Amino acid sequence: MARNKEAKKLPEIKNRKASHDYFIGETFEAGIVLRGTEIKSLRSGQAQINDAFVRVDGKEAILYNARIAEYGFGNLNNHDPVSERKLLLHKKEILKLKSETASGGSAIIPLKIYFKKGLAKILIALATGKKLYDKREDLKKSAAMREAKRELSNRRSGY
């Protein structure tokens, strides 16, 4: 019997609003403390982190407003979809995050949740908010790049 050599592709849950709403600074990789059926929901891609943020409380980093849907085949022991989740970081990283956010003007936001060697990881970043005119500038740049790519592909194809 031949085995299928293709590895099962595990999903990446991305925060698509992050680069639009924030200037992304330094990033950190953290583990997530998950309970019971949360990991099964993550493996099936049933999560959303668009409105999520991280706070440093004391000596712990905690993820708020991340929605991990209830597992479809779960029973009475199913998890709460919007509970707080502890993040696993080194002490130096926690102190750095705490000092950066204490000065004001920056926030800690999640960028994506992914799997690494079978474990769920989250990529968080120090970020500062964009003003409305900054967002407009980004939209203008992306529209110009899109137009340039379109023109380049039209030239190559002979139109």
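Quantities reported herein were computed from a predicted structural model and do not represent experimental measurements.

Rules of the game
- Residues numbered from 1 in each chain as written.
- Predicted model: local features only at pLDDT ≥ 70, side-chain atom pairs only at ≥ 80, totals over all residues.
- Heavy atoms only, no water.
- Helix = DSSP H or I, 4+ residues; strand = E, 2+ residues; numbered from the N terminus.
- Expected span 1.5 Å × (residues − 1).
- Salt bridge = Lys/Arg side-chain N within 4 Å of Asp/Glu carboxyl O.
- Buried < 20%, exposed > 50% of the residue type's maximum accessible area, 1.4 Å probe, protein only.

**Quick notes on helix α3 (residues 91–102)**
Then step 1. For α3, with 12 residues, the first-to-last C-alpha span of 16 Å sits near the 16 Å given by 1.5 Å per residue.
Then step 2. Of the residues one or two after α3, G104 is the one with positive phi, at around 90 degrees.

**Some details on the pattern of salt bridges**
Then step 1. In the structure shown here, the tally under the stated rule is 11 salt bridges.
Then step 2. Ionic pairing is found between K17 and D51, a salt bridge with its closest N-O pair at 3.3 Å. Within this pair, whereas K17 is found in the loop between β1 (13–14) and α1 (18–21), its partner D51 is found in the loop between β3 (47–48) and β4 (53–57), the two being separated by 34 residues in sequence.
Then step 3. Residue classification places K17 among the partly exposed residues on the basis of a relative accessible area of 38%.
Then step 4. Taking relative accessible area as the criterion, D51 reaches 48% and is therefore assigned partly exposed.
Then step 5. Ionic pairing is found between K130 and D138, a salt bridge with its closest N-O pair at 2.1 Å.
Then step 6. With a relative accessible area of 13%, K130 lands in the buried category.
Then step 7. Taking relative accessible area as the criterion, D138 reaches 30% and is therefore assigned partly exposed.

Any link to function would need more than the numbers given here.
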